[in-house]
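# Understanding the architecture of this molecule
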Amino acid sequence: MQSDIVEKIDSKKLRGGYYTPQPIAEFICRWAITKPTQKVLEPSCGDGNFIEAAIKRFLQLGVPKNKLFGLLKGIELVAREAEESKRRAASYGLNSTTIINSDFFSYISNANGDGHYDVVIGNPPFIRYQNFPEEHRKKAFEMMEEIGLTPNKLTNIWVPFLVLSANSLNKNGKLGMVIPAELFQVKYAAQTRIFLAKFFSRITIVTFTKLVFQNIQQEVVLLLCEKDVSDNPGIRVVELSSLEELEKLNISTIQKSAVKSLEHNSEKWTKYFLEEYEIHLLRKIKTDPRIKLASDIMDVDVGLVTGRNEFFMINEDTAAMWKIKPYTQKVVGKSNHFKGIIFKEDDFDSNAEASFDGYLFLPPAKDFEDLPKACKDYIKYGEEQNFHTGYKCRIRKRWYITPSLWTPDAFVLRQVGDYPKVIINKTDACSTDTIHRVRFKRKIEPELLALSFLNSLTFAFSEITGRSYGGGVLTFEPTEIEELPLPILKENNINFKKIDNLIRQRKISEVLDIVDEELLIKQLKLRRSDVQRLRAIWKKLSDRRLNRSKN
Ligand SMILES: C[S@@+](CC[C@H](N)C(=O)[O-])C[C@H]1O[C@@H](n2cnc3c(N)ncnc32)[C@H](O)[C@@H]1O
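## Some thoughts on the site of the ligand
With respect to spatial proximity, 23 residues lie near the ligand, and among them Tyr19, Thr20, Ser44, Gly46 and Asn123 are the closest. Mapped by element, the contributors of at least two residues to the shell around the ligand are α3 (49-60) and β2 (72-76).

Quick look at the structure:
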């Protein structure tokens, strides 16, 4: 193993090294290790929390200390950590071959006949593709390809750890791992979701309503997978509020609890937080030919990228001070600049009065020498601050000209706290990349579109289509907005001004009552009970998401 690679990786962040709290390691061992003869693998054992928990579990199952040998194998890349694991194993009489100081991928590719286990436990590292050392990545990716997977530049290292250690399981094997909750939602894990759904016959996921790792905002789940079970196959999600609850959890109660059928598709797993009848309702709606996706009516695109907001985005005072107001363009850069579902000149002005940075510096598209003096002065100031050397600015023909300046028909927020909305643009303002830009694909009354968006059906899907990590915010890429089912009001029977005011007063339930009645019940003729279910789905998923931010 090259020491420079290890050195590079040997910082907590780079090696994705946040160790598992003991109650979690103990729980996973209690769940996974049920027989005194099981052969156990820990593919990235760090300083040995899982190793010690597994040893204790074997002792509990009646394995005498002198019979522990050969039951456990721990792999760890960083020598110092491996040493600590060895020391802990040795304190129970296990000799040094229990822990191997190696890259996991090299280890299993050379393991030959020794590569099969009854149980895999652990908490794989979380390292992005670009920090994932080439030597390890190449092996990992080759092995993934051998089993029919196609990793790419977005693949995080925990993915090959998960699938390749799963692949080393025996017929009735079990895998219990701490995995980033993004397994549920991210696109790069879509193939992993399908792999798991096909490879295992039962999957149990334990989630926490509060974040359980103290040092990181990364949300994790406990992924408990069983290969060949004859009874109760499927998937279930068990939600717990704390580690104390985990310690008290009765494994046989979980094993008997109901499962939902496991679909072999790439859809996000967020839906498994729902009851089976709720999942069915969403599926039925998805196949209703009357309900089109948002992409039928709108194109969603990212906002403009200034390359340096600090320089390009300015307020009235700065514009006046540098005498560059004539060389600015109105831009919205923050979600809270939108209070309602329509954005008018008054809204822009009241934001500007509050000293928001609502102007983009945009000199004429000319060479520096030909620019007005005020622009030259401001650009020179920017260069003194080295703003022109940042990547986005550096690659432009003229670093001070922000490209892609088009005024959208409407805006959609990229990140939302409570719910997504379409905001009609009645100004000539553009937006930065914190806010998506919308172009209508065909002629539509903008008010009808903005109103239509505010319904329980679209909201329910938004919680499944959007992604949330740890902090409670829901994030949408443009395509994730376009993928939302969006029924459209045919007639304007709703008082737009009233709804806009209710939104400004944050009275979303009242708004949903009005729009649901008109759009879902009167127009689409959905059953009232189904509409209530859709509202409950939205509430359940959004409350769950928001609760996690209240630590
Ligand atoms: C998130 S920590 C978890 C450690 C331990 N499993 C636990 O739960 O306490 C991940 C560990 O993976 C190790 N690691 C990183 N890359 C590795 C590789 N290619 N092979 C083996 N171990 C690796 C890191 O050094 C780190 O100790």
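## A closer look at the sheet that holds strand β10 (residues 313-314)
Judged by pairing direction, the sheet is mixed, and its four strands sit side by side in the order β10-β13-β11-β17 without closing on themselves. The open sheet has two edge strands, β10 and β17 (430-431), and neither has a second partner. Pairing geometry for strand β11 (residues 328-332) and β17, over two bridges, is parallel. When the sheet's bridge partners are listed, Val331 is paired in β17 with Cys430.

## Here's the deal with the pairing of strand β4 (residues 117-122)
For β4, the tally of buried residues reaches six of six residues, placing the bulk of the element in the interior. In this structure, strand β1 (residues 40-42) lies alongside β4, joined through two bridges in parallel fashion. From the neighbouring strand, Leu41 faces β4, where its bridge partner is Val120.

## Let's talk about the environment of Leu72
Within the fold, Leu72 resides in strand β2. In this structure Leu72 comes out as buried when scored by C-beta crowding, with 26 C-beta atoms within 10 Å. Along the sequence, Leu72 and Ala89 sit 17 residues apart, while their C-alpha atoms lie 9.6 Å from each other. Excluding residues that lie within four positions of it along the chain, Leu72 makes contacts with Val40, Ile51, Ala54 and Thr98.

## Re the domain arrangement of the protein chain
The domain boundaries assigned to the protein chain delineate domain 1 (3-273), domain 2 (298-360 + 402-547) and domain 3 (363-399). When each unit is reduced to the centre of its C-alpha atoms, the spacing between domain 2 and domain 3 is 32 Å. Taken together, the residues of the side of domain 2 that touches domain 3 sort by class into six nonpolar, one polar and two charged.

## Quick look at the pairing of strand β6 (residues 202-208)
For β6, a buried count of six out of seven residues is recorded, marking the element as mostly surrounded by other parts of the structure. Where β6 lies against strand β7 (residues 220-226), five bridges are found, and the strand directions are antiparallel. If you follow Ile205 over to β7, its bridge partner there is Leu223. Bridge count between β6 and strand β8 (residues 234-240): seven bridges; the pairing is parallel. Paired with Arg202 across the two strands is Gly234, which belongs to β8.

Definitions and limits used
- Residues numbered from 1 in each chain as written.
- Predicted model: local features only at pLDDT ≥ 70, side-chain atom pairs only at ≥ 80, totals over all residues.
- Near = placed C-beta within 6 Å.
- Helix = DSSP H or I, 4+ residues; strand = E, 2+ residues; numbered from the N terminus.
- Pairing = 2+ DSSP bridges.
- Buried ≥ 20, exposed ≤ 12 C-beta atoms within 10 Å, placed from the backbone.
- Contact = placed C-beta atoms within 7 Å.
- Domains from an automatic or database assignment.
- Nonpolar A, V, L, I, M, F, W, Y, C, P; charged D, E, K, R; others polar.

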